[in-house]
Amino acid sequence: MTSSLRFLAISVLFVVGACARAQTASGTFDRTLNVAEPLELDVQTGSGSIDIRAGAAGKVEVHGEIRVGGWKISGVDEIVKKIEASPPIELDGNRLRIGRLDEGLWQKNVSISYTIVVPAATQLRSHTGSGSQAASGLAGPVVVESGSGSVTLTDIGGAAEARTGSGSIHAHGIGGAFTGAAGSGRIEVALTGRGDVAVSTGSGSVELTGVDGAARVRTGSGSLSVEGKPTGPWELDTGSGSAHARVASDAAFTIDAKAGSGGVRTSQAVTIVGGTQRGELQGQVRGGGPTVRIRTGSGGINID
């Protein structure tokens, strides 16, 4: 066999072998269920996005998009057909579980993305190993987790919690307490009701508005901004970045601010407590109250 023919034969064998190892298939399913309220919804997927929104009372609509494939995965069409015929949906009274696959399917590179329409009177717990998540218009409480992917929450009536290993968190119209954590990514929260707030990110900026309660905010690297009324203590920390606290004009509070590198500025009338040092400010506003404690490793502090 000539060298050119040998090269061609090897190339053909390589392509055929690669095709045999890398198989993919996709499909969809749709289901409509009548449910009792308030609904308790639990959704999970190993890989795929989750989008949940409010719709008609007493009814749930589930749309799933399936993808199966990978190296050395065989029978992908059969796997898709099996899931289409019997989607992972379990309803027990007012408890609805979606996404619990048979143990064998977890090892077949199965990815399912969900779009789910539920009654507004829904409590949610959802998790994806990799993929974005969104939830809107729910009464709550809401707990959303992603190994990797952004999280967006909109118009949640009660408490909410969002966590992601890598990705941003955007939460707007949160009617209760909020907890958020990101390994890396920006966190942006707008609150409409009373409740304590606790957020942290390893790397990324943080912006909170409408806080009416205690606040605990930490970022390893990034600026932070908090606006609201400190009816409980505020603890604001950034390793590298500026810090800005915008406090309600009628709030009485105590300032404890220290900038590792950068000045401390305020437009508030402060009664100084103790001595003064460069980059530090301790005192009371309107007779004192909950402590607003601010620390920056590198960056200025502004309080107004």
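Engineer: So, the overall build of the protein chain: which residues are in play, and what are the values?
Structural biologist: Helix and strand counts for the protein chain come out as three helices and 27 strands. Per-residue burial for the protein chain yields a buried fraction of 41% across its 304 residues. Look at the contacts in the protein chain between residues 6 or more apart in sequence, and 47% of them connect residues 24 or more apart. When the accessible surface of the protein chain is split by element, carbon and sulfur atoms take 49% of a total near 14000 Å².

Engineer: Can you tell me about the nonpolar core, naming the residues and giving the values?
Structural biologist: As a rule of thumb, nonpolar side chains are buried together in soluble globular proteins. Membership of the largest hydrophobic core comes to 68 residues, with the highest contact counts inside it found for Leu153 and Phe178. With five residues, the top contributor of residues to this core is strand β7 (residues 110-119). In contact with Leu153, other than residues within four places in its own chain, are Ala135, Val142, Val144, Ala160, Ala162, His170, Ala171, His172, Ile174 and Phe178.

Engineer: Explain the environment of Ile98 residue by residue, including any values.
Structural biologist: Looking at the element boundaries, Ile98 is found in strand β6 (residues 95-98). A relative accessible area of 1% places Ile98 in the buried class. Through-space distance from the C-alpha of Ile98 to that of Ser126 is 9.3 Å; in sequence the pair is 28 residues apart. Non-local contacts of Ile98, meaning those with residues more than four positions away in its chain, are made with Leu41, Asp42, Val43, Gln44, Val62, Pro88, Ile89, Tyr114 and Ile116.

Engineer: Outline unusual backbone geometry, listing residues and values.
Structural biologist: Following Glu37, the chain continues to Pro38 via a peptide bond in cis, the omega torsion being 0 degrees. Within the secondary structure, Pro38 sits in the loop between β1 (22-34) and β2 (39-45). In this structure, Pro141 follows Gly140 across a cis peptide bond, with omega equal to 5 degrees. Position of Pro141 among the secondary structure elements: in the loop between β9 (133-136) and β10 (142-146). The backbone of Arg286 sits at a positive phi, close to 55 degrees, despite the residue not being glycine. Along the chain, Arg286 turns up in the loop between β25 (280-285) and β26 (291-296).

Engineer: Let's hear about the pairing of strand β14 (residues 178-182): which residues, and what values?
Structural biologist: With respect to burial, β14 is a largely interior element, four of its five residues being buried. Both strand β12 (residues 160-164) and β14 contribute to a ladder of five bridges, which runs parallel. When the bridges of β14 are listed, Arg163 appears paired with Ala181. Judged from the five bridges that link them, β14 and strand β16 (residues 197-201) form a sheet pairing that is parallel. Its bridge partner being in β16, Gly180 is matched across the sheet by Val199.

Engineer: So what's going on with the side chain of Ser111? Which residues, and what values?
Structural biologist: Locating Ser111 in the fold gives a position in strand β7. On the basis of relative accessibility, which here comes to 19%, the residue Ser111 falls in the buried class. Only 2.6 Å separates the side chain of Ser111 from the backbone oxygen of Ser47, close enough to count as a polar contact. Excluding anything up to four places from it in sequence, Ser111 contacts Ser47, Gly48, Glu65, Ile66 and Arg67.

Engineer: Describe helix α2 (residues 76-85), with residues and values.
Structural biologist: Three or four residues apart is the spacing at which side chains of an α-helix point the same way, because the helix has 3.6 residues per turn. Buried residues of α2: Val76, Ile79, Val80 and Ile83, and no others. Buried residues of α2, viewed axially, fall in a sector of 95 degrees; they line one side. Summarising the geometry of α2, the exposed residues directed more than 90 degrees from the buried face are Glu78, Lys81 and Ala85.

Engineer: So what about the pattern of salt bridges? Which residues, and what values?
Structural biologist: Applying the stated rule across the entire model yields 13 salt bridges. Here Arg100 and Asp42 are joined by a salt bridge, their closest N and O atoms 3.6 Å apart. Pair noted here: Arg100 is in the loop between β6 and α3 (103-106) and Asp42 is in strand β2, with a separation of 58 residues, a long-range link. Among the salt bridges present, the one from Glu207 reaches Arg186, with a minimum N-O distance of 2.9 Å. In this pair, Glu207 is assigned in strand β17 (residues 206-212) and Arg186 in the loop between β14 and β15 (187-191), connecting sequence segments 21 residues apart. When its relative accessible area of 29% is taken as the criterion, Glu207 is described as partly exposed. Linked by salt bridges that have partners in common, Arg186, Glu188 and Glu207 make up one network.

The rules we used
Residues numbered from 1 in each chain as written. Predicted model: local features only at pLDDT ≥ 70, side-chain atom pairs only at ≥ 80, totals over all residues. Heavy atoms only, no water. Helix = DSSP H or I, 4+ residues; strand = E, 2+ residues; numbered from the N terminus. Buried < 20%, exposed > 50% of the residue type's maximum accessible area, 1.4 Å probe, protein only. Contact = heavy atoms within 4.5 Å. Areas by Shrake-Rupley, 256 points an atom, 1.4 Å probe, with all protein chains shown as cover. Core = buried A, V, L, I, M, F, W, Y, C linked by side-chain atoms within 4.5 Å. Pairing = 2+ DSSP bridges. Polar contact = N/O pair within 3.5 Å; in protein donor to acceptor, adjacent residues only side chain to side chain. Arc of directions from axis to C-beta. Salt bridge = Lys/Arg side-chain N within 4 Å of Asp/Glu carboxyl O.

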